[in-house]
Amino acid sequence: MKKEEFVMEKIISLCKRRGFIFQGSEIYGGLAGTWDYGPYGVSLRNTIKQLWWKRFVDDRMDIFGVDAAILMNQNVWKASGHVGGFSDPLVEDLKTKKRFRADHLLEEQGIDPKGMTLAQMDALIKEKKLKSPDGNMLGDVRQFNMMFKTHVGAIQDDSSISYLRPETAQGMFVNFKNILDTFHPKLPFGIAQIGKAFRNEIAPRDFIFRLRELEQMEIEYFVDPRDEKKVKETFDALYEEQVAFLNDLGLTHEKIHKVEIAEADRAHYSKRSVDTEFDFPFGQKELLGLAYRTDYDLKAHTEKSGVDLSYFDEETRSRFIPHCIEPTFGVDRITLAILADAYREDELGGEKREYLKLSPKVAPILVAVFPLLKNKPVLVDKAKEVYADLKKVFGAKVSFDDNGNIGKRYRRQDEIGTPYCVTIDFDTVEKEAGVTVRDRDTGEQERVMMKDLVAKLV
Ligand code: GAP
């Protein structure tokens with residue numbers, strides 16, 4: 001096993017052992033491309049989503065939040081171009097019938113497939129006589145549409161077709177007029193949404209990196225296209241905002257990379273795309289996206305629906321279709337980036353340990369409170385009192401643990417990334433000498449008086 005695969009195995013194992021992430025439908029052998037989040041995973045993701053919503057919606061006057069339905073009229077996806085063009089290059093093992101991403105097979109051979117057409121990939125696979133990972137002949141490379149199709153209602157015919165949305169973005173475009181008519185915003189303004197999206201990925205892989213059920217946080221930011229300089233400035237400013245958000249989560253800045261995407265590799269709606277890539281244990285890969293979608297979507301929906309999605313500019317008394325710049329964030333990829341970035345192995349007090357060096361801002365538990373001994377009611381009662389007091393300030397980010405010896409409790413908290421452990425001992429109750437506060441990273445303990453405790457933890 002390669003070193004980076006080994007690290008991923010350890011992260012996956014820690015996530016399961018400590019209640020962050022479990023395999024989807026595990027007792028039935030799983031369902032590829034799906035994972036379930038346990039209590040600490042939910043907490044981490046909720047924090048990511050809350051910080052995002054606060055930064056991009058609550059703290060701004062120009063961005064409006066919505067929560068659109070996942071199932072949408074099939075015409076939305078015809079107009080958006082997803083029925084026709086939301087596909088990946090697929091190639092089939094002729095013996096086992098297993099399906100693979102043609103571009104991934106080329107990448108594994110050290111060939112960069114960026115910018116290649118379907119025909120070029122097909123020709124190259126044939127020329128190099130590439131085999132499937134199981135050693136069998138491969139068929140022709142063809143497009144595979146990644147949308148999950150379903151039927152709405154009791155009758156299954158063409159008119160009842162719907163899709164699980166492959167991006168949250170369209171929920172914002174179809175509500176563009178509703179926001180205009182109810183809030184009367186002036187350009188530039190944005191519409192934001194957090195929600196699940198679904199993609200029938202040919203080859204889900206790398207834990208929660210490439211999923212079939214994923215969550216996105218997206219903004220469709222509408223601008224006046226007539227001032228090209230301003231459009232470019234807005235695009236660049238939104239990129240900086242994306243990076244600032246990642247910094248705020250505590251991700252290592254040097255692992256974040258800006259990548260300008262060549263025309264051939266951009267999505268069908270994009271005139272310019274800049275990806276934010278991150279150094280994951282399995283390589284530098286896309287974490288976030290930023291696309292200049294122009295008037296592609298509003299124009300397409302105006303044409304298909306017959307509803308005018310233009311904007312009237314009071315100042316110049318003119319009407320036009322705004323252009324859209326889209327910053328997009330994947331909740332699962334950010335979760336993985338945080339976990340992988342925080343994963344550490346070291347030796348503390350002569351013992352090997354694994355731990356998560358999470359920023360206090362995102363750690364599921366900020367502080368764990370322990371009585372030194374479980375069988376001494378005087379310590380347990382005092383610990384419960386301290387726990388209740390801290391909960392008033394830090395809410396669900398405080399936990400209580402009296403299970404096992406103190407060393408084991410520290411290790412457990414280290415593994416879930418808890419920055420501080422507070423222990424109530426005999427000096428706390430008999431001498432009113434405060435509590436001990438242990439630091440996760442150094443293992444060092446410090447006595448802190450009760451009145452100073454909250455300030456020590458913020
Ligand atoms: N609305 C634009 C859009 O959906 P995208 O680059 O296809 O653009 C946006 O996806 C983000 O969603 C990506 O940057 C990534 O964070 C996340 N994402 C996309 N596909 C994913 C998958 N299969 N599993 C997990 N996250 C995914």
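Residues numbered from 1 in each chain as written. Predicted model: local features only at pLDDT ≥ 70, side-chain atom pairs only at ≥ 80, totals over all residues. Heavy atoms only, no water.

## Focus: the sheet that holds strand 22 (residues 420-424)
Operational definition: Any two strands are treated as partners once DSSP identifies two or more bridges connecting them. Numbering of helices and strands starts at the N terminus; helices are DSSP runs of H or I of at least 4 residues and strands are runs of E of at least 2. Every axis in this analysis is a line fitted to C-alpha atoms, fitted for helices over the stretch in contact. Angles between the N-to-C directions lie between 0 and 180 degrees.
Read across the sheet, five strands follow the order 21-20-22-23-24 without closing on themselves; strand pairing throughout is mixed. Each edge of the open sheet is held by one strand with a lone partner, namely strand 21 (398-400) and strand 24 (445-448). For this sheet, the mean angle separating the axes of adjacent strands, direction not counted, is 25°. As judged from the three bridges shared by strand 20 (residues 367-371) and strand 21, these two strands associate in the parallel manner. Within strand 21, the position partnered with valine 369 by the bridge is phenylalanine 400.

## Quick notes on the site of the ligand
We apply this condition: We call a residue near a molecule or strand whenever a single non-hydrogen atom of that residue lies within 4 Å of it. Definition of a polar contact: a pair of N or O atoms within 3.5 Å, with one able to donate and the other able to accept a hydrogen when the atoms are protein atoms, and with sequence-neighbouring residues admitted only if both atoms are side-chain atoms. Residue polarity is assigned by list, with Asp, Glu, Lys and Arg as charged and Ala, Val, Leu, Ile, Met, Phe, Trp, Tyr, Cys and Pro as nonpolar; anything else, Gly included, falls into the polar class.
Near the ligand there are 20 residues, and of these Glu167, Arg199, Glu218, Glu286 and Leu287 occur at the shortest range. Leucine 287 places a polar main-chain atom, nitrogen or oxygen, 2.8 Å from an oxygen atom of the ligand. Those elements that provide at least two residues to the shell around the ligand are strand 11 (213-223), strand 14 (283-294) and strand 17 (323-330). Of the residues that constitute the shell around the ligand, the class distribution is seven nonpolar, four polar and nine charged.

## Considering the domain arrangement of the protein
Put simply, the rule is: Annotation comment: domain bounds sourced from an automatic or database domain assignment. Residue contacts are defined here by distance: any two heavy atoms, one from each residue, within 4.5 Å place the two residues in contact. A quick way to say it: buried area is the sum, across both parts, of accessible area lost when two parts are put together, with a 1.4 Å probe. A pairing counts as a salt bridge when a side-chain nitrogen of Lys or Arg comes within 4 Å of a carboxyl oxygen of Asp or Glu.
Domain annotation of the protein identifies domain 1 (3-72 + 166-339) and domain 2 (365-457). With six residues of domain 1 in contact, the opposing surface of domain 2 contributes five residues. At the boundary of domain 1 with domain 2, total buried surface from both sides reaches about 550 Å², with 54% on carbon and sulfur atoms. Where arginine 17 meets glutamate 415, a salt bridge forms, and the shortest distance between an N and an O atom there is 2.7 Å.

## Comments concerning the pattern of salt bridges
This is how the line gets drawn: Exposure is judged per residue with a 1.4 Å probe applied to protein chains only, and the accessible area is read against the type maximum: over 50% gives exposed, under 20% gives buried, and values in between give partly exposed.
With the rule as written, the count across this model stands at 50 salt bridges. With a closest N to O distance of 3.9 Å, aspartate 248 and arginine 55 form a salt bridge. Of this pair, aspartate 248 sits in helix 9 (residues 228-248) while arginine 55 sits in helix 2 (residues 39-58), and the two are 193 residues apart along the sequence. We classify arginine 55 as partly exposed; its relative accessible area is 24%. The residue arginine 353 makes a salt bridge to aspartate 414 at a minimum N-O spacing of 2.8 Å. Within this pair, whereas arginine 353 is found in strand 19 (residues 351-356), its partner aspartate 414 is found in helix 13 (residues 406-416), the two being separated by 61 residues in sequence.

## Quick look at the nonpolar core
As a rule of thumb, nonpolar side chains are buried together in soluble globular proteins. Quick reminder of the rule: Nonpolar cores are built from buried Ala, Val, Leu, Ile, Met, Phe, Trp, Tyr and Cys residues. Side-chain atoms within 4.5 Å join them into one set.
Among the nonpolar cores identified, the biggest contains 61 residues, and Phe20, Trp52, Met217, Phe245, Leu287, Ile334 and Ile338 are the most heavily contacted of them. Not counting the four nearest positions on each side in its chain, tryptophan 52 is found in contact with Val57, Ala192, Gln193, Ile194, Met217, Glu218, Ile219, Phe245 and Phe329. Core analysis: the next-biggest nonpolar cluster, separate from the first, contains 18 residues, Phe64, Phe189, Ile321 and Cys324 among them.

## Here's the deal with the layout of surface pockets
As a reminder of what qualifies: Residues are called lining when one of their atoms sits within 4 Å of a cavity or pocket point, these points coming from a 1 Å grid over the protein atoms alone, where a cavity is a set in which a 1.4 Å probe fits but cannot get out and a pocket is an open set with protein on both sides within 12 Å along at least five of seven lines. Grid points are joined across faces, edges and corners, and a volume is the space filled by probe spheres set on the points.
The volume enclosed by the second largest pocket comes to roughly 380 Å³. Considering the residues around the second largest pocket, the lining is formed by 13 residues, among which Lys2, Glu4, Glu5, Asp206 and Phe282 are closest to the centre. For the lining of the second largest pocket, the secondary structure elements donating two or more residues are helix 1 (3-17) and helix 5 (102-108). Among the elements that make up the lining of the second largest pocket, the one with the highest residue count is helix 1 (five residues).

## Section: helix 8 (residues 176-183)
In plain terms, the rule: What the arc measures is the spread of directions leading from the helix axis to the C-beta atoms.
For helix 8, every residue scored as buried is listed here: Phe176, Ile179 and Leu180. Buried residues in helix 8, looked at end-on, bunch into an arc of 100°, giving them a common side. Tucked inside the fold, the buried residues of helix 8 contact strand 3 (63-65), helix 7 (169-173), strand 10 (189-198), strand 11, helix 10 (296-305) and strand 15 (311-313). Of the residues one or two after helix 8, histidine 184 is the one with positive phi, at around 50°.

## Examining the packing of aromatic side chains
Each aromatic ring pair is specified by the distance between its two centres and by the angle formed by the two planes. Rule in force here: Paired rings are identified among Phe, Tyr and Trp, the last through its six-membered ring, by centres lying within 6.5 Å, and are further divided according to the angle between planes into stacked (under 30 degrees), edge-to-face (over 60) and tilted (the rest). Either the NZ atom of lysine or the CZ atom of arginine qualifies as a charge over a ring when it sits within 6 Å of the ring centre and within 35 degrees of the ring normal.
According to the stated counting rule, one finds 21 aromatic pairs in the structure shown. The interplanar angle of 90° and the centroid separation of 4.7 Å between the aromatic rings of tryptophan 35 and phenylalanine 207 together place this pair among those described as edge-to-face. With tryptophan 35 in strand 2 (residues 35-37) and phenylalanine 207 in the loop between strand 10 and strand 11, this residue pair connects regions lying 172 residues apart in the sequence. When its relative accessible area of 6% is taken as the criterion, phenylalanine 207 is described as buried. Among the aromatic residues, those joined into a cluster by ring pairs are Phe64, Phe173, Phe176, Phe183, Phe189 and Phe222. Arginine 353 extends its terminal NZ or CZ atom over the ring of tyrosine 355, reaching a point 3.8 Å from the ring centre. A cation over a ring is seen here: arginine 438 above tyrosine 410, with NZ or CZ 4.3 Å from the ring centre.

## Examining helix 11 (residues 331-342)
Threshold: Residue count minus one, scaled by 1.5 Å, sets the expected span of a helix.
Compared with an ideal rise of 1.5 Å per residue, which puts 12 residues at 16 Å, helix 11 spans 17 Å between its outermost C-alpha atoms and is within 8% of the ideal. Summarising burial for helix 11: 12 of the 12 residues are buried, a large majority. Among the residues of helix 11, Val331, Asp332, Arg333, Ile334, Thr335, Leu336, Ala337, Ile338, Leu339, Ala340, Asp341 and Ala342 are the ones counted as buried.

## Considerations on the packing of helix 2 against helix 9
Quick reminder of the rule: Roughly parallel here means an angle under 35 degrees, roughly antiparallel means over 145, roughly perpendicular means 65 to 115, and every remaining angle is called oblique. Each crossing is labelled by how the near helix is turned from the far one, with a counterclockwise turn of less than a right angle marking it left-handed and a clockwise turn marking it right-handed.
Direction vectors running N to C along helix 2 and helix 9 enclose 140°, while the axes themselves pass 11 Å from each other. Looking at the two axes, helix 2 sits oblique to helix 9. Crossing of helix 2 against helix 9: the hand is right-handed. Between helix 2 and helix 9, the residues in contact are Ile48, Leu51, Trp52, Arg55 and Phe56 and Glu241, Ala244, Phe245 and Asp248, respectively. Residues that form the contact of helix 2 with helix 9 fall into these classes: six nonpolar, no polar and three charged.

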